Amino acid sequence: MNIRKIVSFIIITGLISMAFAQNTDGGASELLKKVSAKYQTYTSMQFHYTLKTTKENKTLSTSQGDFALKGDKYRTTFGGQTFFCDGKNIWNYQKSTNEVSIYEYDAEDDENMMNPQKILKNWDKQFRAKYIRDEFNNNVSTVLVDLTPKTSQSYYRIRLFINKATNQIMRIALYDKDNTIYTYYIEQFKPNVTLADSYFVFDKSKYPGVEVNDMR
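About the thresholds
- Here the residue index of a chain counts from 1 through its sequence in written order.
- With pLDDT at 70 or above as the cut-off, local features in this predicted model cover only qualifying residues; side-chain atom pairs require 80 or more to be listed or tallied, and sums for whole chains, interfaces and linings still use all residues.
- Hydrogens and waters are ignored; side-chain quantities use all the structure's heavy atoms.
- We count a stretch as a helix when DSSP gives it H or I for four or more residues in a row; a strand needs E for two or more, and each element gets its number in order from the N terminus.
- The rule is simple: take the accessible area with a 1.4 Å probe, protein chains only, and divide by the maximum for that residue type; under 20% is buried, over 50% is exposed, in between is partly exposed.
- Detection works on a 1 Å grid of protein atoms alone, calling trapped sets that fit a 1.4 Å probe cavities and calling open sets with protein on both sides within 12 Å along at least five of seven lines pockets, with lining residues defined by an atom within 4 Å of a point.
- Grid points are joined across faces, edges and corners, and a volume is the space filled by probe spheres set on the points.
- Amino acids are sorted into nonpolar (Ala, Val, Leu, Ile, Met, Phe, Trp, Tyr, Cys and Pro), charged (Asp, Glu, Lys and Arg) and polar (every other residue, Gly among them).

Our next topic: the side chain of Ser 44. Topologically, Ser 44 is positioned in strand β1 (residues 44-55). For Ser 44, a relative accessible area of 4% puts it in the buried group.

Printed below as a string of structure tokens:
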């Protein structure tokens, strides 16, 4: 699982403003506007997620991760890696080797566009939205909406599972062109949490013996 897939997941999690002239997608646009409005009220967010990777109805792997966002800052942990970003620098810490690589944060670099509020300013230029159906998941009324990229990507569809009562995203499924499906189950979602700026900065003193690779 590469960072681009994780980035795609985080991008969609924050669904930001979108403008559609007409409702021609089965109601998906109006629903996403409600979702957007809700997420716009959050000054920060934090959640745990489970990632399940499947192909041809077979489970390839299951892993878990954590994510936090505050303005330009983010921190995410998955697969033995932790990414810290304070809006200026990115630290990629590898637990297995006890080393950290430091990069300069580039808001225009698609690999580093972890801030959904920035990347989705032109959301409607990147995706087409379509209402799929209503269904129940774990006794929760859920609306399924598909996002199709307008330009060629490694994936051909992103499916959102939206809680109909709360307008919050419960699950995200990313469909790769090689028929692999990456499904993220969002758990323990906490909006407007208090997070110190230092939480998004790698603190060398907390990792004795860490090898530092400064790539800036």
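So that's the structure; there's more coming.
This part takes up the layout of surface pockets. Taken as a whole, the second largest pocket encloses approximately 180 Å³ of empty space. Forming the walls of the second largest pocket are Lys 52, Thr 54, Lys 55, Glu 56, Asn 57, Tyr 175, Asn 179, Ile 181, Thr 183 and Tyr 185. For the lining of the second largest pocket, the secondary-structure elements that each account for two or more residues are β1 and β11 (180-191). Of the residues in the lining of the second largest pocket, the class split is three nonpolar, four polar and three charged.

A positive phi angle, close to 65 degrees, is found at Asn 139, a residue other than glycine. Mapped onto the secondary structure, Asn 139 falls in the loop between β7 (127-137) and β8 (140-149). Although it is not a glycine, Gln 188 sits at a positive phi angle of roughly 55 degrees. Assignment of secondary structure puts Gln 188 in strand β11.

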